[in-house]
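Spelled out from the first residue to the last, the chains are:
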Amino acid sequence: MVATTAPPPVERVAPQPPWAAGLSDVTASDASLRRFLHGLPGVDQVGAEARATMLATRSIKTVAKAWAIDLAITMIDLTTLEGQDTPGKVRALCAKAMRPDPSDPTVPRVAAVCVYPDMVPMAVQTLSGSGVRVASVATAFPSGRASLAVKLADTRDAVTAGADEIDMVIDRGAFLSGRYMQVHEEIVAVREACGNAHLKVILETGELVTYDNARRASWLAMLAGGDFIKTSTGKISPAATLPVTLVMLEAVRDFRDTTGRQVGVKPAGGIRTAKDAIKHLVLVNETAGDDWLDPDWFRIGASSLLNDLLMQRTKMATGRYSGPDYFTLD
Amino acid sequence: MSERIDVRKTYKLYIGGKFPRSESGRSYEVTDAKGRFLANAALASRKDARDAAVAARAAFPGWSSATAYNRGQVLYRVAELLEGRRTQFVSEVAAGEGLTARKAEALVDASIDRWVWYAGWSDKVMQVHGSANPVAGPYFDFSVPEPTGVVAVLAPQNSSLLGLVSVVASAIVTGNTVVVVASERSPLPAVTLSEVLATSDVPGGVVNILTGRAAEVAPWLAAHMDVNAIDLAGAPVDSVTDLQVAAADNLKRVLLPRLDDWTATPGTERMFAMLETKTVWHPIGV
């Protein structure tokens, strides 16, 4: 986690596993895509859960903890995705994103603010020049139940309004009924509509049920050109769990080993405490490696997490426990 | 028939309506007044105090917004359960404080009566402590008492049940939630009280009971920015000033220890010490 304790990064010799041979033409047809996705090795459920649990017991203290808390703050996609969002709420959230703790200028800013498309102009206006990016959900978030034309219009709308990043949802119905090519083509189309904006692909792992499906969906999203794979919308429980993040981190690691392209991971939903966030950072370091310990490659979708990180930070600075009274409500 | 083997007890903490072991994994031996082993009790750490404060904060909105009538009913029900555990309390108080059974019985009876007495105050505090204020303007001006929030309570060291009941009931009856550090030398009545509370209608987190050393845990509670008041009844004598200094950071209400005779009529002071006053200026016919 920190320079003083972390072992040197392991040199990865790019292996060419048999199931990844000829990756270029797996998306050529529906049949080849299905063959590839079903040819991925199955996830050892017990093993994945045990490993996630074991890594979660790592003790991160003092200097390493301070470093991890600041890193986690810089990785946050500060999110508000409610029907009751107002321009005022978005402005307040943006202010918090740029200066999480007004009484302490040493607190770093967060990575991005994540809002619904119609709130993008407000966020862009407030955040301009601050270095905090604007992410927008699109493609009929959170269900994704709309025609492709509507999804693309939704995406273009957000991009035109100035969103730097687009969080799309995949069509879980199509995925679960085995129409992988349809999901693939949809992601490719949205990717095109994004232009220069980064594309995060939300798999909604809570609806995919199994880790095998999470692994397949991860590969599908990466093959289709997603810049990030994201666990959940935050509207479905379970959202981001450690084992599912582990499976996705393995997928991005293997994908880079195979193709040379690095894809980011974003767990979202259910990460509320500094402890949870640090567990995820340990998982990143131990699974994908420290190349991913960077806001460009790992994000955490959250809202209440930020206050807990700030409280922990204050505790470390002052030596006494802090309370929610001293941080903004959101 | 062979002789029965004792079931040796290792008690746990009471936090948020659950009975966790100390996060530190530590425990200590509780002995009676003559030094004979009674049971093992959990030795709470600062992180247990932290968890307890979080649980108390979480329970505060629900408990403080319950109607006074409802809080009173809930507390009366606790008194009924205390009565049901009377013999257990008597033996624990007698052993812990080195008293005869008769004296212990008198203390336990007084404790239950004390609990009932405080329960009765729930719907009377506002009449007695609140007021309608005469003002020179077209306003109906009135002041009402409100609970201060999370109260850290260092329970008296020498009165393991009557003293404990006096400091806990006086704080929660008005809607506060508490983190209690029980008497270090005789914590068993506090442990039994937590078992009573767990089976009563008091929501989890309203009362959290830690056993262990006040000297270890109290500084963390006194400095905790999310604790609104601290009752130093059982604070180590030499640390009272330090605890007051630590408590000043967020302007906690501090109740200083005095030479309390816990058997005397308590009066309203303890209750009123943990209240805030809200004054409303309500415009009237202009």
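Everything below is about the structure printed above this text.
The structure reproduced in this document is the subject of the present report. The residue numbers shown here count from 1 along each chain, following its written sequence. Numbering of ligands from 1 and lettering of chains from A proceed in the order in which they are written. Since the coordinates come from a predicted model, pLDDT governs what is reported: local features require at least 70, and pairs of side-chain atoms require 80 or more to be given and counted, while whole-chain, interface and lining totals use all residues. Just so you know, side-chain values use all the structure's heavy atoms and leave hydrogens and water out.

Describing the interface of chain B and chain A
So, point 1. For this analysis, residues touch if any pair of their heavy atoms sits within 4.5 Å. The partner chain A presents 11 residues to the 10 residues of chain B that form the contact.
So, point 2. As a working definition, buried area equals the accessible area (1.4 Å probe) given up by two parts on being put together, with both sides summed. Of the roughly 1000 Å² buried between chain B and chain A on both sides combined, carbon and sulfur atoms contribute 51%.
So, point 3. On the chain B side of the interface with chain A, the three residues burying the most area are B:Arg50, B:Trp220 and B:Met225, jointly 49% of the side's total.
So, point 4. Any Lys or Arg side-chain nitrogen located within 4 Å of an Asp or Glu carboxyl oxygen qualifies as a salt bridge. On inspection of chain B and its partner chain A, the count reaches 1 salt bridge.
So, point 5. Salt-bridge contacts for B:Asp249 lead to A:Arg320; the nearest nitrogen and oxygen are separated by 2.6 Å.
So, point 6. N or O atoms closer than or at 3.5 Å make up a polar contact, with two conditions inside protein: a donor-capable atom paired with an acceptor-capable one, and, for residues adjacent in sequence, both atoms drawn from side chains. Linking chain B to chain A there are 4 residue pairs in polar contact (both at pLDDT 80 or more).
So, point 7. Strands are runs of DSSP state E lasting at least 2 residues, helices are runs of H or I lasting at least 4, and numbering of each runs from the N terminus. Elements with a minimum of two residues in the side of chain B that touches chain A: α1 (46–65) and α8 (214–223) of chain B.
So, point 8. Among the elements that take part in the side of chain B that touches chain A, α1(B) stands out by supplying 3 residues, more than any other.
So, point 9. Classification used: nonpolar for Ala, Val, Leu, Ile, Met, Phe, Trp, Tyr, Cys and Pro, charged for Asp, Glu, Lys and Arg, polar for all others including Gly. Across the side of chain B that touches chain A, the residue classes tally to 3 nonpolar, 2 polar and 5 charged.

Overview of the environment of B:Lys34
So, point 1. By the element assignment, B:Lys34 lies in the loop between β1 (27–31) and β2 (37–42).
So, point 2. Counting along the chain gives 64 residues from B:Lys34 to B:Gly98, while the straight-line C-alpha distance between them is 7.4 Å.

Here we look at the sheet that holds strand β9 (residues 253–255) of chain B
Paired through their backbone hydrogen bonds, the strands of a sheet run either parallel or antiparallel.
Residues and elements named next belong to chain B.
So, point 1. Pairing between strands requires that DSSP locate at least two bridges from one strand to the other. The strand order β7-β6-β5-β8-β9 describes an open sheet built from 5 strands, whose pairing is parallel. Across the chains shown, the open sheet's two edge strands, defined by having one partner strand only, are β7 (207–210) and β9. Neighbour-to-neighbour, the strand axes of the sheet open up by a mean angle of 15°, direction not taken into account.
So, point 2. Two elements, strand β6 (residues 177–181) and β7, share 4 bridges in a ladder whose sense is parallel. Note that in β7 the partner of valine 178 across the bridge is valine 207.
So, point 3. Between N-to-C directions, angles cover 0 to 180 degrees, with each direction set by a line fitted to C-alpha atoms, over the stretch in contact for helices. Most of the contacts of helix α6 (residues 162–172) go to β6, to which it runs at about 160°, and overall it touches β5 (150–154), β6, β7 and β8 (229–231).
So, point 4. Strands β5, β6, β7 and β8 of the sheet are contacted by α8, whose axis makes an angle of about 150° with β6.

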